[in-house]
Each structure stands twice: as structure tokens, then as C-alpha cells.
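# Structural description and commentary
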Amino acid sequence: MKKMIYLDHAATTRTVKEAVDAMLPFFMESYGNASSIYSLGAESKKAVNAARETIAQSIGATPQEIYFTAGGSEADNWALIAAAEANSDKGKHIITSRIEHHAILHTCAYLEQRGFEITYVDVDEDGVIKLKELEAAIRRDTILISVMFANNEIGTIQPIKEIGEIARARGILFHTDAVQAYGHVPVTLSRYPVDMLSASAHKIGGPKGIGFLYIRSGVRIRSFIHGGQQERGRRAGTENVPGIVGFGAAAKKAMDTLAERMERERQLRDYLIDRIEKEIPYCRLNGHRTQRLPGNVNFSFRFVEGESLLIMLDMKGICASSGSACTSGSLDPSHVLLAIGLAHETAHGSLRLTLDSENTREELDFTMEAIKEIVDKLRNMSPLYEDFIKKQEKAQAQTL
Ligand SMILES: *Cc1c(COP(=O)(O)O)cnc(C)c1O
């Protein structure tokens, strides 16, 4: 098999061995229902409690504030819908940003149909939310603010502390979608005043289909899945014991290695950013240069079609993304790239490479050569590029 270079860690990650090893006994040996009273069930319950403890510690919460869900999307849906409904007697206005994940944006659209009013706050050209605009959007009937911790496409990290302080000072609930940040940068509640926080296992080396919603104790929110008494009656359904155990193991590893991984990913990231900027003309780095996830690289290449670039990279064994995994397959340019002010054509020519500390310089060098070759090839096929070069030559001739 051809060697594969995986540079799409924001879409999902390979499950770490520690997580798989921890999960395996919970399929065929300790398969009891965590709610049963015999000891087979108690083994499951004990493992779920241990994972809850590990995850609570990882953000500085209490175990009672961690609610397991079937992933980041469910946590986002729960936070928004259930908090909106539980607080609708106080008002029906919600504030979010233009660059949220679809799990937030499409939930907001749903809430709009249900009579809630949503304000979408703009971001600047680096993708940082405009705090003044956010503050100005607050009304007497604002009940909830939801702003993501870090963006999944361009990697920009938001001023979560400042937003949390604004919300808290006015008694407004604050939720953050921390799916891209959790396990990749420190997400500590003592530093960030948030009321609800979403995270997902498969973005940090855990299994797919498991996540959590942190709900600060005292927050007014209703249950999300109705049924049994699991998750303190707020999220019914037999616990996904292997998933929860795997998430716990992945979270533990992520926390134990956080500082060194961040350092290594930053080095790889900046190496790749430097090389692209130096070696490929007519490109633009998307997202904030420093307030950025350690593993995120996102560029737009003028006169290049992103989908073609992806297909040709795939032929060389390189997995990358042109925006977010959820939007590829559709021809609409990414709402995030449009929100930071890119023209449609430029947004279409974008490439996201998301690294992990286990990627190597050699992989990046190979990728770099591949991108250069493909961008050249695609530009040489582009009539727009031909026109552009002719105009440039003409302008140059005139100034000589
Ligand atoms: C991946 C992702 C989600 C969705 O998480 P799932 O576990 O895949 O449902 C939500 N928000 C952000 C920012 C993400 O990157």
C-alpha cells in the first residue's frame, strides 16, 4: 500500500492505543449495564465513574457537572436548545458568531423557527470575534451567548475569557463549543468563566460517537434525551461504556502530553506556514497567525480550485481538507472563509492541513513539494491566471 500522510486531524483522529486497550474489556468481558446492581454492572459503573473523574479534572469541573453525550454535535444541540427553552421566560434572544460549526449554526436556525431571535456577530479578517459588536448586541431579553473556543477551519482561538466576563457580568448564560480546543490547548474553567462547554472524543484520539457537555452546577437547563435515570436523569440511555472508557483514556493521555504536543505541533505548523508563504506566490494565510490552534494551517491559493487540489493530493496519498468535512461535497464556499472577508473565488481555493505531534518534517516536506507541483499545474490550466500574468507583464513593461 502507498504510504499515507494524514493531515486532517481537525476532521477526526486515529484512536490512540491507550484508548483501544482500555475499551476492549468492555465489549466481551465487562459488558454489564452500568445501572444493574450485580457486580458485572458495577464494573461498568466503576469504569464510567473513573472516566468522568478524569475528564472533570481535565477542565477543573466536578464529576457531577460532566454529562456524556453521543459526540460534539449532540452536546451543542443540547446546550442551545435546552438552555433556550428552560430560560425562555426571561427572553428569547441568543447571540452567537458567524463562524460557528454547523452543529451550532443549524441549531440556531432551528431555534429561529421556534420563535427565538439570533444575532450573529461578525469576526475580523483574522477570524476573531468583534467584542464591541458582541457587547452592543446584548439586550434585556438576551438569555444565551454561544461562541466557539477555537475554529475548526482556520484555527483562530477566541477571547473566551473576555466573552465569559461580559456574559457573567450581565447574568447571561455562556456556552462554548470547545471541540477543537479541548485536549489541544489548555481549557481550564478557572481561567475561562463558562457555564456550558462541549467536547468530543474523536478529535483527541478517542473513539467516535462520544462526547460531553459540561453544565456548571446551578445552570437552568432541561434534560435532553428523555428516558431512564442515566446522567442524573438529564441524558437518558444506557451508557456507552466502551466509548466513555475510551474517551477517559484519550483525555488522560492528551492532558499528560499537552505541553510537549503543543510545542511540537507549533513548530511543525510554523515550518509549513513559512515554507508555503516563501515558496508559493499569490497565497494567503487564513486565521490568526499566533492566536491559533497549534496544529492548524489554512491557506487560500488564488487561481486554484480547492476540490481539484484535494483530489490531486489524495492521489499522492495526502489527506487534507478544503474547509470543514461537513461542507465538502457542496459547492457553497465555506461560511467561515466568507466571514473573514474572502471573495468567493479565493475561498474556493483554500486548503486546510491539520497536524498532529506525530507528523514528521519529512511528511511536511513531501506535502510541500506536492502542493507546489499541483498548484503550478492547476494555475497553468486556469484562464484567469493566464490573464492575470499577462496583465502583470504588461504593467511591468510599462514601468520599466
Ligand atoms: C467536529 C466538531 C463538532 C462535532 O463533533 P462530533 O463529535 O463530530 O459530533 C462540533 N464542533 C466543532 C468545532 C467541531 O470541530
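This one's a predicted model, so the numbers in the text were calculated from it and none came from an experiment.

### With respect to the overall build of the protein chain
- When helices and strands are counted, the protein chain shows 14 helices and 12 strands.
- Computed over C-alpha atoms, the radius of gyration of the protein chain comes to 23 Å, within 12% of the 21 Å expected from 2.2 N^0.38 for 400 residues, which places it in the range of a compact globule.
- For the protein chain, the spread of C-alpha atoms along the principal axes amounts to about 85 × 55 × 35 Å.
- Expressed as a percentage of the 400 residues in the protein chain, the buried residues total 56%.
- Sequence separation of 24 or more characterises 73% of the internal contacts of the protein chain that already satisfy a separation of 6 or more.

### Description of the environment of Asp 387
- Positionally, Asp 387 belongs in helix α14 (residues 383-399).
- Asp 387 sits 359 residues away from Met 28 along the chain, and the two C-alpha atoms are 65 Å apart.

### Overview of helix α13 (residues 361-380)
- End to end, α13 covers 28 Å across 20 residues, agreeing with the expected 28 Å (1.5 Å per residue, within 8%).
- Taken together, the buried positions of α13 are Glu 363, Leu 364, Thr 367, Met 368, Ala 370, Ile 371, Ile 374, Val 375, Leu 378 and Arg 379.

### Focus on the pattern of salt bridges
- Under the counting rule described, the total for this entry stands at 25 salt bridges.
- Across the pair Glu 18 and Lys 253 runs a salt bridge whose closest N-O atoms are separated by 3.5 Å. Highlighted residues: Glu 18 in helix α1 (residues 17-23) and Lys 253 in helix α8 (residues 241-256), separated in sequence by 235 residues.
- Look at Glu 18 and you get partly exposed, because its relative accessible area is 37%.
- Given the relative accessible area of 27%, Lys 253 is considered partly exposed.
- Between Arg 216 and Asp 195 there is a salt bridge whose closest N-O contact spans 2.8 Å. Linking Arg 216 in the loop between β8 (211-215) and α8 with Asp 195 in the loop between β6 (173-177) and β7 (196-200), this pair joins segments that are 21 residues apart in sequence.
- On the accessibility criterion, Arg 216 (31% relative accessible area) is partly exposed.

### Concerning the site of the ligand
- Neighbouring the ligand are 13 residues, the closest being Ser 73, Asp 177, Gln 180, Ser 200 and Lys 203.
- Contact distances for the ligand include 2.8 Å between an oxygen atom and a backbone N or O atom of Gly 72.
- A distance of 2.8 Å separates an oxygen atom of the ligand from a polar side-chain atom of His 202.
- If you tally residues by element for the shell around the ligand, the top one is helix α4 (residues 72-86), at three residues.
- In terms of residue class, the shell around the ligand is built from two nonpolar, eight polar and three charged.

### Quick word on the packing of α8 against helix α9 (residues 258-279)
- Contact geometry of α8 with α9 gives a least axis separation of 5 Å together with a crossing angle of 70 degrees. Judged on the interaxial angle alone, α9 and α8 are roughly perpendicular. From α8, Ala 254, Met 255 and Asp 256 reach across to α9, where they touch Leu 258, Glu 260 and Arg 261.

### Overview of the side chain of Thr 69
- Along the chain, Thr 69 falls in strand β2 (residues 66-69).
- Look past the residues within four positions of Thr 69 in its chain and what remains in contact with it is Glu 74, Ala 75, Trp 78, Gly 209, Ile 210, Gly 211, Phe 212, Leu 213 and Arg 235.

### Considering the nonpolar core
- Counting 64 residues, the largest nonpolar core has Ile 145 and Phe 212 as the members making the most contacts within it.
- Among the elements that take part in this core, α8 stands out by supplying eight residues, more than any other.
- Leaving out residues up to four positions away in the same chain, Phe 212 has contacts with Ile 55, Ile 59, Ile 66, Tyr 67, Phe 68, Thr 69, Ala 75, Tyr 182, Leu 197, Ser 198, Ala 199 and Phe 247.
- Counting 28 residues, the second-largest nonpolar core is a separate cluster that includes Val 297, Leu 351, Leu 355 and Leu 378.

What counts as what
- Residues numbered from 1 in each chain as written.
- Predicted model: local features only at pLDDT ≥ 70, side-chain atom pairs only at ≥ 80, totals over all residues.
- Heavy atoms only, no water.
- Helix = DSSP H or I, 4+ residues; strand = E, 2+ residues; numbered from the N terminus.
- Rg over C-alpha atoms; globule rule 2.2 N^0.38 Å.
- Buried < 20%, exposed > 50% of the residue type's maximum accessible area, 1.4 Å probe, protein only.
- Contact = heavy atoms within 4.5 Å.
- Expected span 1.5 Å × (residues − 1).
- Salt bridge = Lys/Arg side-chain N within 4 Å of Asp/Glu carboxyl O.
- Near = heavy atom within 4 Å.
- Polar contact = N/O pair within 3.5 Å; in protein donor to acceptor, adjacent residues only side chain to side chain.
- Nonpolar A, V, L, I, M, F, W, Y, C, P; charged D, E, K, R; others polar.
- Axes fitted to C-alpha atoms, helices over the stretch in contact; angles between N-to-C directions.
- Parallel < 35°, antiparallel > 145°, perpendicular 65-115°, else oblique.
- Core = buried A, V, L, I, M, F, W, Y, C linked by side-chain atoms within 4.5 Å.

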